[in-house]
Amino acid sequence: MNDKFFMGVILGMLGGAIITTNSAKARQMIKDGQTEVSKKVSQMAKPKKSTQTK
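We now turn to the structure provided with this report. Position labels on residues start from 1 in each chain and follow its written sequence. For this predicted model, a pLDDT threshold of at least 70 governs which residues receive local features, and a threshold of 80 or more governs which side-chain atom pairs are given and counted, while totals over whole chains, interfaces and linings are taken from all residues. Water and hydrogen atoms play no part in the side-chain values, which are based on all heavy atoms of the structure.

### Remarks on the packing of aromatic side chains
And then number 1: The aromatic pairing rule takes the rings of Phe, Tyr and Trp, using the six-membered ring of Trp, and pairs them if the centres are within 6.5 Å, calling planes under 30 degrees apart stacked, those over 60 edge-to-face and the rest tilted. Inspection of the entire model under this criterion finds 1 aromatic pair.
And then number 2: The interplanar angle of 65 degrees and the centroid separation of 5.6 Å between the aromatic rings of Phe5 and Phe6 together place this pair among those described as edge-to-face.
And then number 3: To sort residues, take the accessible area from a 1.4 Å probe on protein chains only and compare it with the maximum for the residue type: under 20% means buried, over 50% means exposed, and anything in between is partly exposed. The class for Phe5 is exposed, based on a relative accessible area of 53%.

### Details of the packing of helix 1 (residues 2-22) against helix 2 (residues 24-45)
And then number 1: At a minimum axis separation of 5 Å, helix 1 and helix 2 run at an interaxial angle of 100 degrees. Classified by the angle between their axes, helix 1 and helix 2 sit roughly perpendicular to one another. Counting all contacts with helix 1, which are made through Thr20, Thr21 and Asn22, the residues of helix 2 involved are Ala24, Ala26, Arg27 and Ile30.
And then number 2: A per-class count over the contact of helix 1 with helix 2 returns 3 nonpolar, 3 polar and 1 charged. The angle between two axes is taken between their N-to-C directions and runs from 0 to 180 degrees, where each axis is a line fitted to C-alpha atoms and a helix contributes only its stretch in contact. Secondary structure elements follow DSSP: runs of H or I no shorter than four residues count as helices, runs of E no shorter than two count as strands, and numbering proceeds from the N terminus. By the definition adopted for this analysis, an angle is roughly parallel if under 35 degrees, roughly antiparallel if over 145, roughly perpendicular if from 65 to 115, and oblique otherwise. Only heavy atoms enter the contact rule, under which two residues are in contact if any of them lie within 4.5 Å. Charged means Asp, Glu, Lys or Arg here, nonpolar means Ala, Val, Leu, Ile, Met, Phe, Trp, Tyr, Cys or Pro, and polar covers whatever is left, Gly included.

So this is what it looks like as structure tokens:
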């Protein structure tokens with residue numbers, strides 16, 4: 001059963017890679033997703049200003 005599962009995962013990854021390389025729309029979606037993730041990570045990395053006074 002594990003062999004079939006791993007073969008399915010590998011075939012799925014290869015199929016997705018082939019579809020992505022042949023589709024400009026899919027490449028654009030991936031590029032947009034990457035920029036969105038990088039924006040969110042940079043927002044999370046910015047230090048938040050404390051509203052408490054000492």
